[in-house]
Amino acid sequence: MSTFTAELVGTMILILFGGGVVASVSLNKSKGFGGGWVVVTIAWGLAVSMGAYAVGGISGAHLNPALTIALATIGDFPWNDVPMYIVAQMIGAFLGAVLVYLVYLPHWGATDDPEAKLGVFSTMPAINHPLSNLITEIIGTFALVLGILALGTNDMTDGLNPFVVGLLIVVIGMALGGPTGYAINPARDLGPRIAHFILPIPGKRDSGWSYAWVPIVGPIIGGVFGALFYQQIFEGKSSILFWVFLVIILLIIIGAQATVKKVVK
């Protein structure tokens, strides 16, 4: 199996299980209906673990453009391979979403709530305030990439690392996922959002394109800063990019704080 195919298959597995659990708890007449946020976050963590177990030995199981770009930024992954990985992740995420659609085929028509249908495929904010939503995605992906790099320095029993990374996803979801649904992965959000747009889902709403930039830009900024932070603080390797991204994030925070009072309660 090539690294392209591995990233595609691994991301497809991630979305099949991750999108699948959201469908299970959200769509009418599903036996998992009403399962709640704890079920969703645990399943997403296991989804990441299963994808990583499947292809980690072949491609490193990035399964996330934000992680791929972050690793390339600090020199841990070749830039020449970044476009190929991202294309594979996007295709895999799209295909995983199509599989979820097929698994729950009769349930789309049985569900009246168009927001629930969109939520199976992509994230939307609990309170729509783009700069605040952007901060949430930045911090969540910062925690993800920093956590992955830090975990990599620990001596673990062979095969344990993907499971521990899954636990990291669980705690990020439980602690930080409430405001936006914690995309923390551009492919995880955009690939299924495209599937939602294309698929003949009965009674669906628009695909939320006005918000779609947030779970792309936020994770990339947060992921790159997480990698730079690890390099700067943990390894003592100074970088001008660290300070550039820090300034960008501070400006976003200032903008969010200045405009948050305008949010309709």
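Up top is the structure these notes are about.
Residues numbered from 1 in each chain as written. Predicted model: local features only at pLDDT ≥ 70, side-chain atom pairs only at ≥ 80, totals over all residues. Heavy atoms only, no water.

## Quick word on helix α3 (residues 65-73)
Right, on to step 1. Taken across its nine residues, α3 has eight buried, putting it largely inside the fold.
Right, on to step 2. Considering only its buried residues, α3 is in contact with α4 (82-103), α7 (130-151), α9 (186-198) and α10 (214-234).
Right, on to step 3. With a side-chain oxygen lying 2.8 Å from the backbone nitrogen of Ala66, the N-terminal cap of α3 falls on Asn64.
Right, on to step 4. Immediately beyond the C-terminal end of α3, within one or two residues, lies Gly75, with a positive phi of roughly 80 degrees. (Buried < 20%, exposed > 50% of the residue type's maximum accessible area, 1.4 Å probe, protein only. Helix = DSSP H or I, 4+ residues; strand = E, 2+ residues; numbered from the N terminus. Contact = heavy atoms within 4.5 Å. Polar contact = N/O pair within 3.5 Å; in protein donor to acceptor, adjacent residues only side chain to side chain.)

## Some points on the packing of α7 against α10
When two helices pack together, their arrangement is given by the angle between the helix axes and by the axis-to-axis distance.
Right, on to step 1. Contact geometry of α7 with α10 gives a least axis separation of 6 Å together with a crossing angle of 40 degrees. Between α7 and α10, the angle falls in the class oblique. Like other packed secondary-structure pairs, α7 and α10 cross with a definite hand, here right-handed.
Right, on to step 2. Of the residues assigned to the contact of α7 with α10, the class counts are 17 nonpolar, six polar and one charged. (Axes fitted to C-alpha atoms, helices over the stretch in contact; angles between N-to-C directions. Parallel < 35°, antiparallel > 145°, perpendicular 65-115°, else oblique. Left-handed = near helix turned anticlockwise from the far one by under 90°. Nonpolar A, V, L, I, M, F, W, Y, C, P; charged D, E, K, R; others polar.)

## Quick look at the environment of Ile148
Right, on to step 1. Tracing the backbone shows Ile148 in helix α7.
Right, on to step 2. Once the C-alpha coordinates of Ile148 and Thr5 are considered, the two residues, 143 residues apart in sequence, prove to be 23 Å apart.
Right, on to step 3. What Ile148 contacts, discounting residues up to four positions off in sequence, is Leu67, Val165 and Leu168.

## What about the packing of aromatic side chains?
By convention here, two paired aromatic rings are described through the distance between centres and the angle between planes.
Right, on to step 1. Counting across every chain of the model gives twelve aromatic pairs.
Right, on to step 2. Between Tyr101 and Trp108 the ring centres are 6.0 Å apart and the planes differ by 25 degrees, which places this aromatic pair in the stacked class.
Right, on to step 3. Owing to a relative accessible area of 10%, Tyr101 belongs among the buried residues under this scheme.
Right, on to step 4. Accessibility expressed as a relative area gives 0% for Trp108, which makes it buried.
Right, on to step 5. Members of the aromatic cluster, each reached through a chain of ring pairs, are Phe142, Phe225, Phe229, Phe242 and Trp243. (Phe/Tyr/Trp six-rings, centres within 6.5 Å; stacked < 30°, edge-to-face > 60°.)

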